[in-house]
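What follows is each chain in one-letter form.
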Amino acid sequence: MASDSFRVRFAPSPTGNPHVGNFRTALYNYLLARHNGGQFLLRIEDTDKERSKKEYETAILDSLRWMGMEWDEEPVYQSQRIERHKEEALRLLDAGLAYRCRCTPERLDALRQEQQDAGKTAMYDGCCRDAGHADDGTPYCVRLKTPQDGCTKINDPIRGDVEISNREIDDIILVRSDGTPIYNFAVVVDDHDMKITHVIRGDDHLNNTIKQVQIYQSLGYDLPIFAHLPQILGQDKARLSKRHGATGVMEYREQGYLPEAIMNYLARLGWGHGDQELFSKQELVELFSLDACNKSAAVFDPQKLEWINGEHIKLLPVEELGRRFVEFALAKGILTRDQCQDVEFVNQIASCTRERVRTLDEIYEKIAFVYQDEYVYPEKESRKAFKPEVMTAVADLSSFTADHSGETLSHEDWENAFKEIMEKRDIKMRLFAQAVRLALTGSNVSPPIFDVIGLLGNEKVAQRLNDAIEFAKTIERD
Ligand code: GLU
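Below is a short write-up of the structure. Because the structure is predicted, anything quoted here is derived from the model rather than measured.

**Considering the overall build of the protein**
Part 1: Tallying secondary structure elements over the protein gives 18 helices and 12 strands in all.
Part 2: Relative to the compact-globule value of 23 Å for 478 residues, the protein shows a C-alpha radius of gyration of 32 Å, a clear excess of over 25%.
Part 3: Seen along its three principal axes, the alpha-carbon backbone of the protein occupies a region of about 105 × 50 × 40 Å.
Part 4: For the protein, the proportion of its 478 residues judged to be buried stands at 50%.
Part 5: Considering only residue pairs separated by 6 or more positions, the protein has 76% of its internal contacts joining residues 24 or more positions apart.

Quick look at the structure:
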């Protein structure tokens, strides 16, 4: 049952390509809602016409969907609510809780300059506060009559109490002289109309929250709970940005990251449950609480994210990993639909790589040899591996393969064949496997040799062994 006592929202501004760290706020809001059986709502804060772009909005929605942070109700677009914002501004004017300010930009600039020169904080001097200006066609902006006594308090479940004297709070502009509402005002009206109970945002918004509390109180709205998350820093301790290689969520997808790994990593970036590092989405929903959020900044560590991704790859059942890999490989165009048809083959890929990779991309790297029919043997390695005495054993293996063409042999069959040949030719596994590996994959690193054989199938194995035998004859030796 959805509870109305937990209505939380993610309110991104589509003014830039969001990087992975930006979604931590979304996640904490999401987890808080789901943990409490509440609603997770989405509001697109697109009032900045110049900077808001459809492509950024798409990136935000796609990222949320891909990460599995499904939202409730239709997304709200702030830009479509301007009339409602103005209506509430008028209500404040009528009640004498806000006023029309006719100060020109020139006057305000001069005032600011004067205050700065005197070493004071720049603040409106209240020139129009009690002037009682009517709406007679003279341009004006709407300002809040901020109380001058007392103080404003926020009980933040993460930071603790924050208190500021009202004397330090400006008479905030609510509506500009061109009739457009100011961000902090629009946010309050929207959060109230959306019946938001908890506002979780980055602590760079703390100053906004203080102004918003004033606005809430003047409008006579009940305050939601405000919680501020500490910043995410790059490894150089500067605020996380693209400069640190923090790319968008969808770019991580293209690099072969799993959504559950990104979710797990972001959850741990500022929240914890003992020493536990790996969490499923279900566990996060069960365990998340604002009380367990950290007060201090978190450092984004791409290597740890990579490690967590590798662990989540291992946790996926083979068939599921196979499906994810196919989806990934098709999207990237590294495999064709035809190449992915054989589910058993795909599962074989997943099961022989899952313990050794950190991303889906690395799975492809490990098995790319299957799809490459021609390669140049590296000179030094082939001189070392393709020694004449070893190649006689390789030839035996090629005959064995030809004798069994069309059959599917088990690991054990291959192992026995290897043993027999090694005994007969009196060579060690290490040398034999090295030559076979190089012959079959063109490289001396690959998945275990019997997996390589299984992935290629008898026909390709025979073909590649013969190619290597022919090639070995061309190696000049002293
Ligand atoms: N739109 C703001 C941002 O993207 C968030 C506002 C909020 O959480 O209230 O930073």
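And the narrative resumes.
**Looking at helix α8 (residues 259-268)**
Part 1: Taken across its 10 residues, α8 has nine buried, putting it largely inside the fold.
Part 2: What α8 keeps buried is the set P259, A261, I262, M263, N264, Y265, L266, A267 and R268.
Part 3: Positive backbone phi, approximately 125°, marks G270, located one or two places after α8.

**Some details on a negative patch on the surface**
Part 1: Taken together, the side chains of E407, E412, D413 and E415 define an acidic patch exposed on the protein surface.
Part 2: Among the structural elements, D413 can be located in helix α16 (residues 411-425).
Part 3: Owing to a relative accessible area of 33%, D413 belongs among the partly exposed residues under this scheme.

**Topic: the layout of surface pockets**
Part 1: Its boundaries defined by the atoms lining it, the largest pocket holds a volume of some 1,200 Å³.
Part 2: Elements supplying a minimum of two residues to the lining of the largest pocket: β1 (7-10), α1 (23-35) and β9 (198-202).
Part 3: It is α1 that contributes the most residues to the lining of the largest pocket, four residues altogether.
Part 4: Counted by class, the lining of the largest pocket contains 15 nonpolar, 16 polar and 11 charged residues.

**What about the packing of aromatic side chains?**
Part 1: For the structure on display, the rule yields 15 aromatic pairs.
Part 2: When the ring of F10 is compared with that of F23, the centres are 6.3 Å apart and the planes differ by 50°; the resulting orientation is tilted. In this pair, F10 sits in strand β1 while F23 sits in helix α1, placing the two residues 13 residues apart along the sequence.
Part 3: Aromatic side chains F418 and F432 sit 4.8 Å apart centroid to centroid with 50° between the ring planes, which places their arrangement in the tilted category.

**Considering a positive patch on the surface**
Part 1: On the surface, K380, R383, K384, K387, K428, R430 and R477 cluster together into a patch of positive charge.
Part 2: Per-element tally for the positive patch: the top contributor is helix α14 (residues 379-385), with three residues.
Part 3: In this fold, R477 is placed in the segment after α18 (449-473).
Part 4: Assessed through its relative accessible area of 34%, R477 is described here as partly exposed.

**Examining the site of the ligand**
Part 1: Taken together, R9, A11, P12, S13, E45, Y183, R201 and H205 form the complete shell of residues around the ligand.
Part 2: A distance of 2.7 Å separates a nitrogen atom of the ligand from a polar atom in the backbone of A11.
Part 3: Between H205 and the ligand, the recorded distance is 2.9 Å, taken from a side-chain N or O atom to an oxygen atom.
Part 4: Considering the ligand on its own, with 300 Å² of exposed area, one finds that the protein chains cover 79% of that surface.
Part 5: If you map the ligand onto the pockets, it falls in the largest pocket.
Part 6: For the shell around the ligand, the class distribution of residues is three nonpolar, two polar and three charged.

Basis of the calculations
- Residues numbered from 1 in each chain as written.
- Predicted model: local features only at pLDDT ≥ 70, side-chain atom pairs only at ≥ 80, totals over all residues.
- Heavy atoms only, no water.
- Helix = DSSP H or I, 4+ residues; strand = E, 2+ residues; numbered from the N terminus.
- Rg over C-alpha atoms; globule rule 2.2 N^0.38 Å.
- Buried < 20%, exposed > 50% of the residue type's maximum accessible area, 1.4 Å probe, protein only.
- Contact = heavy atoms within 4.5 Å.
- Patch = residues over 30% accessible without salt bridge, like charges linked within 9 Å, V, L, I, M, F, W, Y side chains within 5 Å.
- Areas by Shrake-Rupley, 256 points an atom, 1.4 Å probe, with all protein chains shown as cover.
- Salt bridge = Lys/Arg side-chain N within 4 Å of Asp/Glu carboxyl O.
- Lys, Arg positive; Asp, Glu negative; His and termini not counted.
- Charge placed at Lys NZ, Arg CZ, Asp CG, Glu CD.
- 1 Å grid on protein atoms, 1.4 Å probe; cavity = no way out; pocket = protein on both sides within 12 Å on 5 of 7 lines; lining within 4 Å.
- Points joined across faces, edges and corners; volume = space filled by probe spheres on them.
- Nonpolar A, V, L, I, M, F, W, Y, C, P; charged D, E, K, R; others polar.
- Phe/Tyr/Trp six-rings, centres within 6.5 Å; stacked < 30°, edge-to-face > 60°.
- Near = heavy atom within 4 Å.
- Polar contact = N/O pair within 3.5 Å; in protein donor to acceptor, adjacent residues only side chain to side chain.
- Sits in = over half its atoms within 2 Å of the grid points.

Without other data, these values stay purely geometric and don't point to any function.
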